[in-house]
Every structure is written in C-alpha cells, then in structure tokens.
Amino acid sequence: MNAYNESASIPILTANMLTKSYGSAPVLNCVNLTLPAGRIIGLLGPNGSGKTTLIKLAAGLLTPTSGEILVCGRAPDEVTRGLVSYLPERTYLSPSMRVSETLDYFADFYADFDRVRAVDMMSRLGIDDSVRLRTLSKGTKEKLQLILVMSRNARLYLLDEPIGGVDPAAREYILSTIISNYASDSTVLISTHLISDIEAVLDEFLFLRNGGIVMQSTVDDARERYGMSVDALFREVYRC
Amino acid sequence: MDWHIDGSEALYLQLAADLRHAIICGALAAGSRIPSVRELASDARVNPNTMQRALSELEREGLVITHGTSGKFVTDESGALDGARQRELLSLALDFKSRAEALGFTVGEAAEYVLRHAAAERTEQI
C-alpha cells in the first residue's frame, strides 16, 4: 500500500479473548484486536473504559485474567519489555533527579535508547541538563518524558494520555515529536480523551466502552462513512 | 506551509487541497523538490500515511512527480499546472453561482456586480 507498512507481517500487538478483572467486575471483557506495524493508533474512550488497563497489559505490568495479549507474537516477558516503550499517565521519575540523570537512567535500562537523539531534542528545547526535575514546569516535564520514551528504538510505543494537562503549544510539540520519531516498522498506541487535538495524527482509532471495543476504523474511513470528524462521532457514540 | 484541517471531510482530501493550492499559487514552486512525507506530516501534525495519500492524489492529477529515489517534485509542465488552475477556477465559479443563487440573484447579476465593484475600486485607487 505504501512505504509505512511494508514490514506488517507480524502484528505488533494482538489480543485474543483478552479479559482482565479486578475482583468480580471485568475491566476488559473478551477483547480481540490486531495492530499491524507502522501505524499510529488512538485508544479512545471515556474514563473507566479500560484504556489504561489495556496499556498496562501490553506493557507487561498486569497479567490477563483470561485470554492472551501478544507483543510481536510473544506473551509479555523480559524480551517484549525490551520492545515496548511505555509512557505512563503519571511520572515515575523522581523530582530530585537531574535531567542528565534521567538520561543515564534510560541508557542503563534500555539498550535501544538513543542518547544522542534525546540530547539533541532537549537542547533544541533549551532544557539545561544539570537542573533537577522539580524546577521544570509541568509542560516541560511532560515534553522531557516524551523525549525519553520516543528516543528508544522500540517496536511498540504505549503513550498513556501524553497530552493531558499541557497547554496547546506543548501539545503541538508533543504531537510533532511523535510523528517525527516513530520508526516505520513500529507502532504507537496513544490513549486519550482529547480527540479533536489528536485525530489528524492517527491512522486508526479504537473506541473502548465498558471494557470492549465498540468501533475500530481508520480516521478517513470513518469521516467518509459517517460524514463527521472522529471527535463528533465520539460524542455521538458516547452520548450520555 | 499553511494547513487547514477541520470539519468532517476526509483528512487526505483537505491536505491534498492545501498542497494543490500551494502549488498553484507558487508557494511550492514549479519543478521544486517537495519535502519528505515525514517532514510535511510533522509540519502539519498529521499522520504520515495520510500525508502520503494526499501526495498520491496530487501525483494522480499530474501535479507531483516522483524522480526515482531522489524524491517527489512539483511538475514543471505548464499544461498540468494550467489544468489545475482551470479546475480551481471552475470550482470557485460553481461555488460563486450557487451562493449567488441562494441569495436570490442570477449568476449574471452577481457577475455584473463584481465587475462594477472592481471597476469602482480601480477608480478609487487612481
């Protein structure tokens, strides 16, 4: 079809009858999905629809109650953790760390971390690498974490609400950084409820509702089929 | 480049319209090299596959050509550029006609008004 999905033979992420329950109520209920390589995919749904749970299962931080989830054909283990670059919703970097220490930390943990690329992006933003994280603004901290995560040469990037809580200019920076940094044989899964900001960046989207996928489509197929933006479609599907 | 992305129309069609406009107006000059898909996508903050699709649309129209591995270029054939300019004028004219008619004027009355208005402006300038 085009240059961005040539190596699409093994799906990057597969879920078969994937179910996750905390106690008796399932958070994800018999989810089936296949995400090929070379795509930017939106995981869209209201709060509590299971977005973060699905991402944590793919990252190997949770185990399925039943069914399976596969990253590049493998159940999550230490090998797939090397293939997955995960940006959690909440930071795990200590506010007392210096910027340069976050670089050391990523270089130690991840063999695929491209330090030169990260340093280059940080210097273009004017981030001084000797300062401690607590002195950075919220927007700058979000950008820094995204730079760290996108500077890995991973196969699957899991970005949980990467643009929540930052101003529009920081959002634009974050979206441009995602577009210019993912490799054509990798896939980016972005969870968000800020759909209008993000829909042009996506190849396709998944609507999650009550732990199940209610719609999966490319953005332009949905626009041509329903005659509305994905943002408007979301409001329609999730109308209270 | 200026990108206008909104509404309900397919994104690749909106991107193709912006690129076509840039080519016709010379913002992307005839015969010049077009930036890579990734650069254009990052500039417009759109998906690279969607940008690729928009460029394919312009290739189909003959406005964009691929020179082997050296990338994509704006065509330097005046025929293709003139054709695109004519098609843009046609769609502008059809839009003008339907809007004038929606206001209760014939297209002739509306056109005459435009000409008179333009003449008045010219006189003022002198």
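Because the structure is predicted, anything quoted here is derived from the model rather than measured. (Residues numbered from 1 in each chain as written. Chains lettered and ligands numbered in written order. Predicted model: local features only at pLDDT ≥ 70, side-chain atom pairs only at ≥ 80, totals over all residues. Heavy atoms only, no water.)

Describing the confidence of the model for chain B
When pLDDT is averaged across chain B, the result is 91; 98% of the residues are at 70 or more. Ranking the elements of chain B by mean pLDDT puts helix α5 (residues 107–125) of chain B last with 87 and helix α3 (residues 48–60) of chain B first with 95. (pLDDT = per-residue confidence, 0-100. Helix = DSSP H or I, 4+ residues; strand = E, 2+ residues; numbered from the N terminus.)

As for the domain arrangement of chain B
Residues and elements named next belong to chain B. Assigned domains within chain B: domain 1 (11–76) and domain 2 (79–125). Computed from C-alpha atoms alone, the centre-to-centre distance between domain 1 and domain 2 is 28 Å. Taken residue by residue, the interface counts eight residues in domain 1 and six residues in domain 2. Summed over both sides, the interface of domain 1 with domain 2 buries roughly 600 Å², with 70% coming from carbon and sulfur. In this assembly, domain 1 and domain 2 are joined by zero salt bridges. Taken together, domain 1 and domain 2 are joined by zero residue pairs in polar contact (both at pLDDT 80 or more). Among the residues forming the side of domain 1 that touches domain 2, the class breakdown is four nonpolar, two polar and two charged. (Domains from an automatic or database assignment. Contact = heavy atoms within 4.5 Å. Buried area = accessible area lost by both parts, 1.4 Å probe. Salt bridge = Lys/Arg side-chain N within 4 Å of Asp/Glu carboxyl O. Polar contact = N/O pair within 3.5 Å; in protein donor to acceptor, adjacent residues only side chain to side chain. Nonpolar A, V, L, I, M, F, W, Y, C, P; charged D, E, K, R; others polar.)

Some thoughts on the interface of chain B and chain A
Taken together, the contacts link 22 residues of chain B with 26 residues of chain A. Taking both partners together, chain B and chain A bury about 1,800 Å²; carbon and sulfur atoms supply 46% of that area. Per-residue buried area on chain B facing chain A is highest for Arg 38, Arg 45 and Asn 49 of chain B; these three make up 38% of the total on that side. Seen at the junction of chain B and chain A, the total is two salt bridges. With a shortest N-O distance of 3.2 Å, Glu 172 of chain A and Arg 45 of chain B are connected by a salt bridge. In this structure, the connection of chain B to chain A is made through 14 residue pairs in polar contact (both at pLDDT 80 or more). Looking at the side of chain B that touches chain A, the elements that each hand over two or more residues are α1 (11–25), α2 (37–44) and α3 of chain B. Here the side of chain B that touches chain A takes five residues from α3 of chain B, the largest share from any one element. When grouped by side-chain class, the residues that make up the side of chain B that touches chain A number nine nonpolar, eight polar and five charged.

Details of the sheet that holds strand β2 (residues 25–35) of chain A
Residue and element names in this part refer to chain A. Spatially, the three strands line up as an open sheet ordered β2-β1-β4, and their pairing is antiparallel. Bordering the open sheet on either side are β2 and β4 (66–71), each of which pairs with just one other strand. Across this sheet, the average inter-strand angle for adjacent strands is 25 degrees, counted without regard to direction. Of the strand pairs in this sheet, strand β1 (residues 13–22) and β4 are connected by five bridges, and their pairing is antiparallel. Bridge pairing links Thr 14 to Leu 70 in β4. In the packing of helix α1 (residues 51–58) onto the sheet, contacts are made with β1, β2 and β4, and the angle to β1 comes to roughly 120 degrees. (Pairing = 2+ DSSP bridges. Axes fitted to C-alpha atoms, helices over the stretch in contact; angles between N-to-C directions.)

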